[in-house]
Amino acid sequence: MGLKFKPLADRVVVEPVEAETKTASGIYIPDSAKEKPQHGKVVAVGNGTKDYDMTVKEGDQVLYGKFSGTELKLEGKDYLIMKESEILGIL
Amino acid sequence: MGLKFKPLADRVVVEPVEAETKTASGIYIPDSAKEKPQHGKVVAVGNGTKDYDMTVKEGDQVLYGKFSGTELKLEGKDYLIMKESEILGIL
Amino acid sequence: MGLKFKPLADRVVVEPVEAETKTASGIYIPDSAKEKPQHGKVVAVGNGTKDYDMTVKEGDQVLYGKFSGTELKLEGKDYLIMKESEILGIL
Amino acid sequence: MGLKFKPLADRVVVEPVEAETKTASGIYIPDSAKEKPQHGKVVAVGNGTKDYDMTVKEGDQVLYGKFSGTELKLEGKDYLIMKESEILGIL
Amino acid sequence: MGLKFKPLADRVVVEPVEAETKTASGIYIPDSAKEKPQHGKVVAVGNGTKDYDMTVKEGDQVLYGKFSGTELKLEGKDYLIMKESEILGIL
Amino acid sequence: MGLKFKPLADRVVVEPVEAETKTASGIYIPDSAKEKPQHGKVVAVGNGTKDYDMTVKEGDQVLYGKFSGTELKLEGKDYLIMKESEILGIL
Amino acid sequence: MGLKFKPLADRVVVEPVEAETKTASGIYIPDSAKEKPQHGKVVAVGNGTKDYDMTVKEGDQVLYGKFSGTELKLEGKDYLIMKESEILGIL
């Protein structure tokens, strides 16, 4: 499968995971972030730039700031597109 | 065919696609963007700069932020001219 | 002929074309720009800088943003002087 | 043991130490910082960037500014994630 | 002759020409600049910096922005000292 | 002896000298700075960064701006931690 | 003789010359600067930085902007410490 969308430069597309989701390893996102998920799955990754090599890859579970990214509807689903530098880390 | 206009540096000219348009693969742009299209077709591409190589090419279907670019009328039609860095990705 | 003025660094001198002007290929500038031309002819070009090589040359028809450049009267005529990076592209 | 979270780029995850804590070497954090700890233990370290090599390592006791970092709940515990450049030094 | 003052780095000292002055080639400065000259003669030039090589030389007639430079009295006369990057071009 | 604290990157820890102090060579700090010392002794020095090599060393008597640095209590005493670039010079 | 103070990096220490002073070559500083001298003698020079080599040397008579530098009392006398880039030129 996979998305038919290629982010440009150092951008990634993230599929947000709902706040009530709890991973197998028992990870919760902070209470204060309930209304907007901060946990998501990377579904598309750009090629980076001259100055920036990409680290995350498709399928990575990532955490990102509450106000990161721009909303994007692709093939009927809601995603976020953001610069990789807005991703805090990989679960 | 093709536009008789060559964007300078890292700029591209984009022909906006109307919001009601729906591509074959079923892509919609977000509801909140109805009044201004965020989806367009690249019709002219600059040569890049010392620090920036261009990625998009003529004919690419691209997504871009709601407030990206400057309006431009060329040969009687409305276009947007923007830096390639304002393009989020290629459909 | 030519202007007896050499712009410094990455600057160009542009002779604005009146808004009512229409080129052979039928180019119009946007209605909202009526009071100030955005279309002009390059009449003098600087030598660039260590970081910037010039692209436009004398005689090029160019488009530029409505608020670009500084007004300049040379040999009795009105011109604009601007950085080449303010020029959107070549017609 | 160890956290199942890998900070991206030049970020580190710090486990804050309560203000009433006093290390064996008698270190206190300033009175004015009572309500928010400035002393913590590094529990995860990113790989750095092209321009920045990491200095701290897991287990380091560090001091950081009162407003440094973003709160993060991982596996049921509260942490801070911050850029290494926000860490003042190693105890 | 010459000034006994050596501008530092990428600075130049300019002797302003009064607004009513008209050069042999008929150059006028814009009406809106009457109260402050924008045309002057370069009387001293710095050695440039690591990142900037000087272009103008002593004796050059130059145009500069209305608010460019700092006033300076040297040997009883009024001058302006400015960065070369504030000079628009050479007449 | 020495502090059990290693400043990160281009930071130094300074032990402020009280305003009424007067060195052997008769140095006074300005009157307007009475309420906050601007003179101190370097007690710990970071390793610098890729772009910045450290100049001061432990034991140096330094002057620094009135608002430089962040207060820090280490082993029961008050210090300031600051970037070396905030240090004006060595006495 | 000389000052027992070594400015750090690209800083210089300047001994201001009173406004009523007039050098042998008849230099005056502008009237509007009467209340604060803009003319001084360099009494100590830093070693520069990786990106900046020093130009002025001890004993140079320099001009600097009215608001340049920070006041500093050393060995009972008033000085200014400033970055060399704030010095306009050498008399």
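Anything mentioned here points back to the structure above.
Only a predicted model underlies this, so the values are computations on that prediction, with no experimental measurement involved.

Asks: Hey, could you run me through the pairing of strand β3 (residues 39-45) of chain E in this one?
Replies: Along a regular strand, successive side chains alternate from one face of the sheet to the other. Residues and elements named next belong to chain E. Burial runs high along β3: 6 of the 7 residues are buried. Pairing geometry for strand β2 (residues 11-17) and β3, over 6 bridges, is antiparallel. Considered in β3, the bridge of Val-13 is made with Ala-44. As paired elements, β3 and strand β4 (residues 61-64) share 3 bridges and run antiparallel to each other. Bridge assignment links Gly-40 to a residue of β4, and that residue is Val-62.

Asks: What am I meant to see in the interface of chain E and chain G here?
Replies: Interfaces are frequently sized by the accessible area removed from exposure as the parts join. Counting residues at the interface gives 14 residues for chain E and 20 residues for chain G. Of all residues in chain E, Leu-8, Lys-50 and Lys-73 of chain E give up the largest surface area on contact with chain G, accounting jointly for 40% of the area buried on that side. At the junction of chain E with chain G, the criterion picks out 1 salt bridge. If you look at where chain E meets chain G, you find 5 residue pairs in polar contact (both at pLDDT 80 or more). Among the secondary structure elements, those contributing two or more residues to the side of chain E that touches chain G are β1 (6-7) and β5 (70-74) of chain E. Here the side of chain E that touches chain G gets 4 residues from one element, more than from any other, and that element is β5 of chain E. Here the side of chain E that touches chain G is composed, by residue class, of 6 nonpolar, 1 polar and 7 charged. Taken together, the 2 bridges between β1 of chain E and strand β7 (residues 87-90) of chain G define a ladder with antiparallel strand orientation. Paired with Lys-6 of chain E across the two strands is Ile-90 of chain G, which belongs to β7 of chain G.

Asks: Is there a simple way to think about the environment of Tyr-64 of chain B in this case?
Replies: Residues and elements named next belong to chain B. Looking at the secondary structure, you find Tyr-64 in strand β4 (residues 61-64). A relative accessible area of 1% means that Tyr-64 is categorised as buried. Residues Tyr-64 and Gly-89, spaced 25 residues apart in sequence, show a C-alpha to C-alpha distance of 7.5 Å.

Asks: How should I be thinking about the sheet that holds strand β1 (residues 6-7) of chain C in this particular structure?
Replies: Two orientations exist for strands paired in a sheet by backbone hydrogen bonds: parallel and antiparallel. Read across the sheet, 7 strands follow the order β1(C)-β7(E)-β4(E)-β3(E)-β2(E)-β6(E)-β5(E) without closing on themselves; strand pairing throughout is antiparallel. Edge positions in the sheet fall to β1 of chain C together with β5 of chain E, since each of these pairs with one other strand and no more. Inspection of the sheet shows β2 of chain E paired to strand β6 (residues 77-83) of chain E by 4 bridges, in the antiparallel sense. Looking across to β6 of chain E, one finds that Arg-11 of chain E is bridged to Lys-83 of chain E.

Asks: Honestly, the relation of the copies chain D and chain F in this entry has me stumped. Any pointers?
Replies: Mapping between the two chain copies consists of a rotation about an axis together with a translation along that axis. Superposition of chain D onto chain F requires a rotation of 51 degrees combined with a translation of 0.0 Å along the rotation axis, giving an RMSD of 0.0 Å. A low fraction, 5%, of the interface residues of chain D reappear at the interface in chain F, so the copies pair through non-equivalent surfaces.

Asks: Please explain the sheet that holds strand β5 (residues 70-74) of chain A as it appears in this structure.
Replies: Read from one edge to the other, the open sheet built from 7 strands follows the order β5(A)-β6(A)-β2(A)-β3(A)-β4(A)-β7(A)-β1(D), with strand pairing classed as antiparallel. The open sheet has two free edges, formed respectively by β5 of chain A together with β1 (6-7) of chain D, since each of these has just one partner strand.

Asks: In this structure, what is going on with a negative patch on the surface? I would like to understand it.
Replies: Residues Asp-51 of chain A, Asp-51 of chain B, Asp-51 of chain C, Asp-51 of chain D, Asp-51 of chain E, Asp-51 of chain F together with Asp-51 of chain G make up a contiguous surface patch of negative charge. Structurally, Asp-51 of chain B is set in the loop between β3 (39-45) and β4. On the basis of relative accessible area, Asp-51 of chain B is assigned to the exposed category, the value being 66%.

Asks: Help me understand the interface of chain D and chain F in this model?
Replies: Between chain D and chain F, the residue contacts involve 21 residues of the former and 14 residues of the latter. Summing the contributions of chain D and of chain F, the shared interface buries around 1,400 Å²; its carbon and sulfur component is 62%. For the pair chain D and chain F, the interface holds 1 salt bridge. Here Asp-53 of chain D makes a salt bridge to Lys-50 of chain F, at a shortest N to O gap of 3.7 Å.

Asks: I tried to follow the pairing of strand β4 (residues 61-64) of chain G on my own but got confused; where do I start?
Replies: Bridging between β4 of chain G and β7 of chain G involves 3 bridges; their strand directions are antiparallel. From the neighbouring strand, Leu-63 of chain G faces β7 of chain G, where its bridge partner is Gly-89 of chain G.

Asks: I'm lost on the relation of the copies chain E and chain G in this one. Help?
Replies: The operation relating chain E to chain G is a screw motion whose rotation component is 52 degrees, with 0.0 Å of axial translation and a residual RMSD of 0.0 Å. Both copies present different contact surfaces, since only 7% of the interface residues of chain E are interface residues in chain G too.

Calculation rules
Residues numbered from 1 in each chain as written. Chains lettered and ligands numbered in written order. Predicted model: local features only at pLDDT ≥ 70, side-chain atom pairs only at ≥ 80, totals over all residues. Heavy atoms only, no water. Buried < 20%, exposed > 50% of the residue type's maximum accessible area, 1.4 Å probe, protein only. Helix = DSSP H or I, 4+ residues; strand = E, 2+ residues; numbered from the N terminus. Pairing = 2+ DSSP bridges. Contact = heavy atoms within 4.5 Å. Buried area = accessible area lost by both parts, 1.4 Å probe. Salt bridge = Lys/Arg side-chain N within 4 Å of Asp/Glu carboxyl O. Polar contact = N/O pair within 3.5 Å; in protein donor to acceptor, adjacent residues only side chain to side chain. Nonpolar A, V, L, I, M, F, W, Y, C, P; charged D, E, K, R; others polar. Least-squares fit on C-alpha atoms with pLDDT ≥ 70 in both. Patch = residues over 30% accessible without salt bridge, like charges linked within 9 Å, V, L, I, M, F, W, Y side chains within 5 Å. Areas by Shrake-Rupley, 256 points an atom, 1.4 Å probe, with all protein chains shown as cover. Lys, Arg positive; Asp, Glu negative; His and termini not counted. Charge placed at Lys NZ, Arg CZ, Asp CG, Glu CD.

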